[in-house]
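# Results of the structural survey
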Amino acid sequence: NGSNKSVKVPCPISGYIKTSVSYGAISIYSSDRYDDLVGQVLHLDTNFIVKDGQHLNYGEIIGIQSGSPGKVGGKPYPIHIDWTLRAKSFKNAI
């Protein structure tokens, strides 16, 4: 399907990291109190290369893209990532 599972994904915004195996998710918080979610990256390889509590800066490698290779609902589901950011954070990332 042309997807490449070895692509390194940059952190879209600086912040403190929390990982979740569910959906290969990494949540990014503005502080180490974890009370201000500023973004998430989904569908990363769950052999995470970052650790909970780690602070990353914009552009540092946050993980390796993964997604769910195979089929979902009978259709191909390509390897990919999803970013979810606040509007201001998104503008800063692009």
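Quick summary incoming for the structure in this document.

## Section: the side chain of serine 66
Along the chain, serine 66 turns up in the loop between β6 (61-64) and β7 (71-72). Setting aside residues no more than four positions away along its own chain, serine 66 makes contact with Lys5, His43, Leu44, Asp45, Ile79 and His80.

## Looking at the packing of aromatic side chains
In total, this model carries 1 aromatic pair according to the counting rule given. Between tyrosine 29 and tyrosine 34, the ring centres sit 5.3 Å apart and the planes meet at 80 degrees, which makes this aromatic pair edge-to-face. Taking the relative accessible area as the measure of exposure, tyrosine 29 reaches 15% and is therefore buried. Residue class for tyrosine 34 comes out partly exposed when judged on its relative accessible area of 24%. Between lysine 18 and the ring centre of tyrosine 34, over which it is positioned, the NZ or CZ distance is 4.6 Å.

## Some details on the nonpolar core
In terms of nonpolar packing, the biggest core is built from 14 residues, with Ile17, Ile26, Ile28, Val41, Leu44, Leu56 and Ile62 touching the most fellow members. Of all the elements in the fold, those that place two or more residues in this core are β3 (25-29) and β4 (37-42). Ignoring any residue separated from it by four or fewer positions in sequence, one finds leucine 56 in contact with Cys11, Ile13, Ser14, Gly15, Ile17, Val50, Ile61 and Ile62.

## Quick word on the pattern of salt bridges
All told, the structure shown has 1 salt bridge when counted by the stated rule. We note a salt bridge from arginine 33 to aspartate 35, for which the minimum N-O separation is 3.3 Å. Arginine 33 gets classed as exposed once you look at its relative accessible area, which sits at 61%.

## Some points on the sheet that holds β3
Pairing within the open sheet is antiparallel, and its 5 strands lie in the order β5-β2-β3-β4-β9. Sheet topology places β5 (55-56) and β9 (82-85) at the edges, where each strand pairs with a single neighbour. Pairing of strand β2 (residues 15-20) with β3 involves 5 bridges; the strand directions are antiparallel. Paired with lysine 18 across the two strands is serine 27, which belongs to β3.

Calculation notes
Residues numbered from 1 in each chain as written. Predicted model: local features only at pLDDT ≥ 70, side-chain atom pairs only at ≥ 80, totals over all residues. Heavy atoms only, no water. Helix = DSSP H or I, 4+ residues; strand = E, 2+ residues; numbered from the N terminus. Contact = heavy atoms within 4.5 Å. Phe/Tyr/Trp six-rings, centres within 6.5 Å; stacked < 30°, edge-to-face > 60°. Buried < 20%, exposed > 50% of the residue type's maximum accessible area, 1.4 Å probe, protein only. Lys NZ or Arg CZ within 6 Å of the ring centre and 35° of its normal. Core = buried A, V, L, I, M, F, W, Y, C linked by side-chain atoms within 4.5 Å. Salt bridge = Lys/Arg side-chain N within 4 Å of Asp/Glu carboxyl O. Pairing = 2+ DSSP bridges.

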